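Listed below, chain by chain, are the residues.
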Amino acid sequence: VVRPGGRVAVVDMVLPEGASSEGHDEIERIRDASHARTRTAAELRRWFRDNGLREIGAETHERQRKFDDWMRIAGSEPGSATYTEVRRLMEANGGASGLAPRLDPQTGVLQFTQHVLFLLAER
């Protein structure tokens, strides 16, 4: 709810265009049971527009994440069943999900790309 002249700002991860929402959401739901669905930037913009909000600013960027840090934020430590399953899915299907996982051959650290949208609008 926002009054006329009010502003709404949203910062959220988004699905890159062409990526598989099914694969991305499967990884996210196992990591975090409260996850519903990752949207594209176009979908979020359309929701704003369809609800009478005028976009006044938007910025997307890619954030490089370390898999272990990302899993710890969700409460999963290396060796846990959740950690093991998410890592397996990330390595098997992460490319199609838009997460672009990569394993550093020297350190063995798994990293991936998270796409983020900052969207500002007013009524």
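Higher on the page you've got the structure.
Each value, and the rule that gives it
- Residues numbered from 1 in each chain as written.
- Predicted model: local features only at pLDDT ≥ 70, side-chain atom pairs only at ≥ 80, totals over all residues.
- Heavy atoms only, no water.
- Buried < 20%, exposed > 50% of the residue type's maximum accessible area, 1.4 Å probe, protein only.
- Helix = DSSP H or I, 4+ residues; strand = E, 2+ residues; numbered from the N terminus.
- Pairing = 2+ DSSP bridges.
- Phe/Tyr/Trp six-rings, centres within 6.5 Å; stacked < 30°, edge-to-face > 60°.

Visitor: Teacher, can you tell me more about the pairing of strand β4 (residues 110-122) here?
Guide: Side chains on a regular strand alternate between the two faces of the sheet. Across the 13 residues of β4, eleven count as buried, placing the element largely inside the fold. Two elements, strand β1 (residues 7-13) and β4, share seven bridges in a ladder whose sense is antiparallel. When the bridges of β4 are listed, V11 appears paired with F118. Pairing of strand β2 (residues 54-66) with β4, which is carried by twelve bridges, proceeds in the antiparallel orientation. By the bridge assignment for β4, E55 is matched with A121. Examined bridge by bridge, strand β3 (residues 102-103) and β4 share two bridges and lie antiparallel to one another. In the sheet register, R102 faces β4, and the bridge partner there is Q111.

Visitor: It is not clear to me how the packing of aromatic side chains should be interpreted in this structure. Could you clarify?
Guide: Where two aromatic rings form a pair, the distance of their centres and the angle of their planes describe that pair. Counted according to the given criterion, the structure contains three aromatic pairs. Where F67 meets Y83, the ring centres are 5.2 Å apart and the plane angle is 70°; that geometry is what we call edge-to-face. On the criterion of sequence distance, the pair formed by F67 in helix α3 (residues 67-73) and Y83 in helix α4 (residues 81-93) is long-range, its members being 16 residues apart. The residues F67 and Y83 share a single accessibility class, namely buried. The structure contains a cluster of three or more aromatic residues connected by ring pairs, namely F67, W70, Y83 and F112.

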